[in-house]
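Fold and contact review
Below are the chains, spelled out letter by letter.
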Amino acid sequence: MNKKGALALMALVMALLTAIMMFSGCANRKNASGIREFRYSFGKQGDKTSFRLYFDGDEQPHYFSESESQGTSNDFVCTEEMFEWLNTVVSQFGVSSWNGFVGYNSAVQNGYEFELYIEFFDETYLKASGYESYPDSYDTIHKVFVDYLEQYSSAGFTE
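The sections below set out a description of the structure shown in this document. (Residues numbered from 1 in each chain as written. Predicted model: local features only at pLDDT ≥ 70, side-chain atom pairs only at ≥ 80, totals over all residues. Heavy atoms only, no water.)

Thoughts on the pattern of salt bridges
Enumeration over the complete set of coordinates arrives at five salt bridges. One salt bridge in this structure joins arginine 39 and glutamate 37, with 3.7 Å as the shortest N-O distance. Look at arginine 39 and you get partly exposed, because its relative accessible area is 36%. Residue glutamate 37 is classed as buried on the basis of its relative accessible area of 11%. When salt bridges with common partners are traced through the structure, they connect Glu37, Arg39 and Arg52 into a single cluster. (Salt bridge = Lys/Arg side-chain N within 4 Å of Asp/Glu carboxyl O. Buried < 20%, exposed > 50% of the residue type's maximum accessible area, 1.4 Å probe, protein only.)

Next up, the structure:
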């Protein structure tokens, strides 16, 4: 698939996920499959980007992002729809198959790494990490996560 076709496919996937989220309504976050906390970081040492979405002790949804290279961070109360979107991506893209993935390529120095941690309300979790080694469909799912989450990095909003 050429680059133009891949971008068109990604746009279609994003539109589909948005439509599913809009028409399904916001899921009860205390439902067993609901995400309580989502953490995703990626990049090279000194140039990492991190995202964290979580419910605080008062059950308020929060969004946090940080960019080491830009020296910026952002933290604000967000909407529950962001969690619904994450639930949809995790289930539709089979991210749960990543659970337990630990990849490491010792032949590369100062390489790219990622870490994903998702905790659910039923107290189960998903963990995956890699250093120049990635689970199936990493590039696609990484792009979906980043394209959606980066739009809030500098904007910030409240419910």
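Next comes the rest of the description.
A word on the environment of glycine 130
Inspection of the secondary structure puts glycine 130 in strand 7 (residues 125-131). Counting along the chain gives 26 residues from glycine 130 to tyrosine 104, while the straight-line C-alpha distance between them is 5.6 Å. Among all residues touching glycine 130, those that are not within four sequence positions of it are Phe101, Gly103, Tyr112, Glu113 and Phe114. (Helix = DSSP H or I, 4+ residues; strand = E, 2+ residues; numbered from the N terminus. Contact = heavy atoms within 4.5 Å.)

Focus: the pairing of strand 6 (residues 113-120)
Most of strand 6 sits out of view: six of its eight residues are buried. Note that strand 1 (residues 35-44) and strand 6 share eight bridges and pair antiparallel. Bridged to glycine 43 within strand 6 is glutamate 113. As defined by bridge partners, strand 6 adjoins strand 7 across seven bridges and the pair is classed as antiparallel. Among the inter-strand pairings, tyrosine 117 is bridged to a residue of strand 7, identified as lysine 127. (Pairing = 2+ DSSP bridges.)

With respect to the nonpolar core
In terms of nonpolar packing, the biggest core is built from 34 residues, with Phe38, Tyr40, Tyr63, Leu116, Phe145 and Leu149 touching the most fellow members. Contributing elements (two or more residues each) for this core: strand 1, strand 2 (47-55), helix 2 (80-92), strand 6, strand 7 and helix 3 (138-150). Among the elements that line this core, the one with the most residues is helix 3, at seven residues. Sequence-distant contacts of tyrosine 40, that is, excluding residues within four places in its chain, are made with Thr49, Ser50, Phe51, Tyr112, Phe114, Glu115, Leu116, Tyr138, His142, Phe145 and Val146. (Core = buried A, V, L, I, M, F, W, Y, C linked by side-chain atoms within 4.5 Å.)

Points about unusual backbone geometry
At glutamate 123, a position not held by glycine, the phi torsion is positive, near 70 degrees. As for its position among the elements, glutamate 123 is in the loop between strand 6 and strand 7. Here serine 137, not a glycine, exhibits a phi torsion of approximately 60 degrees, which is positive. Along the chain, the position of serine 137 falls in the loop between strand 7 and helix 3. Assessed through its relative accessible area of 40%, serine 137 is described here as partly exposed.

This is a description of form; function is not addressed.
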